[in-house]
Amino acid sequence: TECRVAGQHDWILALSLALTGPYLKSQTIEKVGRGAHVMIVLDRSASMNEPFVKKGDAQARLPKMQVARDVLKTLVEQDRDDLMGMVTFSTSPILAAPLGTDRAFVQAALDATEAGGMGFTAVARGLGMALDYFADQPVTGARAIVLVSDGGAHLDGKTQDMLRAMAMRQQASLYWIYLRSENGVSLKQSLGEDENIDAYPEYALHEYFQTLNVPYHMYEAENPQAVMAAVNDISKLKNKPTRYQE
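Time to look at the overall build of the protein. Secondary structure summary: the protein contains seven helices and eight strands in total. Evaluated residue by residue, the protein yields a buried proportion of 46% over its 246 residues. In the protein, once contacts between residues fewer than 6 apart in sequence are set aside, the share between residues at least 24 apart is 77%. Here the protein displays about 13500 Å² of accessible surface, and carbon together with sulfur accounts for 53% of that area.

Before going further, it helps to examine the nonpolar core. In terms of nonpolar packing, the biggest core is built from 33 residues, with Leu127, Ile145, Leu147, Leu174, Trp176 and Phe209 touching the most fellow members. Mapped by element, the contributors of at least two residues to this core are β2 (36–43), β3 (83–89), α4 (123–132), β5 (142–149), α5 (157–170), β6 (172–179), α6 (201–209) and β7 (216–221). When residues of this core are assigned to their parent elements, the largest contribution, five residues, is made by α4. With residues up to four places along the chain from it excluded, the contact list for Leu127 reads Val41, Ile145, Leu147, Leu163, Leu174 and Phe209.

All right, on to the packing of helix α2 (residues 64–77) against helix α7 (residues 224–235) then. Between two packed helices, what matters for the description is the angle formed by their axes and the separation of those axes. At a minimum axis distance of 10 Å, the contact between α2 and α7 shows a crossing angle of 25 degrees. For the element pair α2 / α7, the angle class is roughly parallel. Taken as a pair, α2 and α7 cross one another with a handedness that is right-handed. Residues Val67, Val71, Thr74 and Leu75 of α2 touch α7, and the partners they reach there are Pro224, Val227, Met228, Val231 and Ser235.

Close approach of charged atoms lets side chains of opposite charge pair. A full pass over the atoms with the stated rule returns five salt bridges. Among the salt bridges present, the one from Asp111 reaches Lys73, with a minimum N-O distance of 2.4 Å. Of this pair, Asp111 sits in helix α3 (residues 103–111) while Lys73 sits in helix α2, placing them 38 residues apart in sequence. Of the charged contacts in the structure, one is a salt bridge between Arg164 and Asp161, with a shortest N-O distance of 3.1 Å. One end of the pair, Arg164, and the other, Asp161, are both in helix α5, three residues apart, so they sit about a helical turn from each other. Residues joined in a network through salt bridges with shared partners are Arg180, Glu220 and Glu222.

Parameters at a glance
- Residues numbered from 1 in each chain as written.
- Predicted model: local features only at pLDDT ≥ 70, side-chain atom pairs only at ≥ 80, totals over all residues.
- Heavy atoms only, no water.
- Helix = DSSP H or I, 4+ residues; strand = E, 2+ residues; numbered from the N terminus.
- Buried < 20%, exposed > 50% of the residue type's maximum accessible area, 1.4 Å probe, protein only.
- Contact = heavy atoms within 4.5 Å.
- Areas by Shrake-Rupley, 256 points an atom, 1.4 Å probe, with all protein chains shown as cover.
- Core = buried A, V, L, I, M, F, W, Y, C linked by side-chain atoms within 4.5 Å.
- Axes fitted to C-alpha atoms, helices over the stretch in contact; angles between N-to-C directions.
- Parallel < 35°, antiparallel > 145°, perpendicular 65-115°, else oblique.
- Left-handed = near helix turned anticlockwise from the far one by under 90°.
- Salt bridge = Lys/Arg side-chain N within 4 Å of Asp/Glu carboxyl O.

Take a look at the structure:
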């Protein structure tokens, strides 16, 4: 009988505690890892639906958008402490995934590019939106903009000054994976004295990027293998310790 009464008391005590609703409040933990804060800026213009070359093996004839999407997924899947986000652009920029630790969000944004591209290459607006996502955040790791595009643009003086100031203020390095089309100009070669740079928007953009006063590197890719090599190189960059809240 005494055991039964004691058991009832324990049951009543447990029920009373349950009714009071005890719980732990949400808590934030600071974590430290090795990585970078990376904003992918992906070109969604109509030309990205075209292959690298018109002739060649089947892989080389894949649409540049498909190649870029598949390779960028390997970058996102890597087990690192990077904060990642993505902006896409054509005529206008779109925030596809905010800068954060949610890799599934970025993967879903990449999957959405299967719809294909359209419009023009408004690269300045895409870069500006990406740089904005570094604003008002502490510099706790290396910052990188990874631009993946097959085209260039002539930027007016006001736009050039604005982007230059933003890049310097946000301390963001720029890496351009230039998906060269069959008829696209090679950025590895200098233009001749009789050639007008206005006829080569890709070259004009490359020249401008070299005036940003931040680390800049261009990867010229003419096939899927070159795109993968560029992404692998970017992923191996040595970065400062990354601090973030979870």
